[in-house]
Amino acid sequence: GYADMLLTACMGGALLAFFLGYVQPKPTAQRRWYGAFYVLLALAILTKGPIAILLPALIIGGFTLYAGNLRQVLQEMQLLRGALIVLVLALPWYILVTLANGEAFIGNFFGYHNLTRFSSVVNAHSGPCYFHFLVILVGFLPWSAYLPAAIFRIQPWQRKQWQQRSRSEQLGLYAVIWFAAILGFFTLSVTKYFSYTLPLMPAAAILVGLLWTEDIAEQSIHPPQRWNPSRWFNLG
């Protein structure tokens, strides 16, 4: 069976917990949210293995590096404490399964289901480079029509402006990097599954939610002109 929906719930929850810790002004609240991040990360690792470490590392590392506070955030996260939490929760199951199945589990789970799926086609699940773009277009309907406008509104290329903003105002940038990191990673993957796109859907929802929130806050009677193509696409 597919575990991608459970992975999306655990990893998405972990990434949201990280951001909630990231924006906390009080160290005690910050530690609690980072603790929740590590617990949910461990559950994601139990669900799907190494990919649950790699993708959050790409997203959080890319975000904090772009925001210019990577070293500070790593210190706040107390990585040693976090590693202990993850190991205590996730490692026993892997040890027990390895003892029960030996090298067969290591080769099949870590080799075949992780490295081989990324580097070559598995179970005839190949696809063009735009495969996941089509999955987002169809799977996120009708809101996928608003994603281009939502990403353009964030203007992630304005790095200096984002670095000058407070942490609580950086959710849009975080969601863009979350969305782009997962899309880019699985676009590079040779094996294509529609379910691989699921972990970026929470980020897409945040982006569209921010776009709609801006529109509601402005209380505009007439929608911005840039939305017209999206509205006509939805109607079609």
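It should be noted that the structure appears before, not after, this text.
Summarised in this report is the structure supplied together with it. (Residues numbered from 1 in each chain as written. Predicted model: local features only at pLDDT ≥ 70, side-chain atom pairs only at ≥ 80, totals over all residues. Heavy atoms only, no water.)

1. A short note on the overall build of the protein
Scanning the protein from terminus to terminus reveals 12 helices and zero strands. Counting helices and strands in the order they occur from the N terminus, the protein gives α-α-α-α-α-α-α-α-α-α-α-α. Residues counted as buried form 41% of the 236 residues belonging to the protein. Long-range contacts, defined here as pairs at least 24 residues apart, represent 76% of the contacts in the protein between residues at least 6 apart. Accessible surface computed for the protein: about 12,800 Å², of which carbon and sulfur atoms make up 68%. (Helix = DSSP H or I, 4+ residues; strand = E, 2+ residues; numbered from the N terminus. Buried < 20%, exposed > 50% of the residue type's maximum accessible area, 1.4 Å probe, protein only. Contact = heavy atoms within 4.5 Å. Areas by Shrake-Rupley, 256 points an atom, 1.4 Å probe, with all protein chains shown as cover.)

2. Details of a nonpolar patch on the surface
Together, Tyr 130, Phe 133, Leu 134, Leu 137, Val 138 and Leu 141 make up an exposed nonpolar region whose accessible area comes to about 570 Å². Tracing the chain through its elements places Leu 137 in helix α7 (residues 131-139). (Patch = residues over 30% accessible without salt bridge, like charges linked within 9 Å, V, L, I, M, F, W, Y side chains within 5 Å. Salt bridge = Lys/Arg side-chain N within 4 Å of Asp/Glu carboxyl O.)

3. Section: unusual backbone geometry
With an omega of 0 degrees, the peptide bond running from Leu 141 to Pro 142 counts as cis. Tracing the backbone through its elements, the reader meets Pro 142 in the loop between α7 and α8 (147-154). With phi around 50 degrees, Gln 78 is a residue other than glycine that occupies positive phi space. Of note, Gln 78 is situated in the loop between α4 (70-77) and α5 (79-101). Within the chain, Gln 155 stands out as a residue other than glycine whose phi angle is a positive 50 degrees. Its location among the elements puts Gln 155 in the loop between α8 and α9 (159-164).

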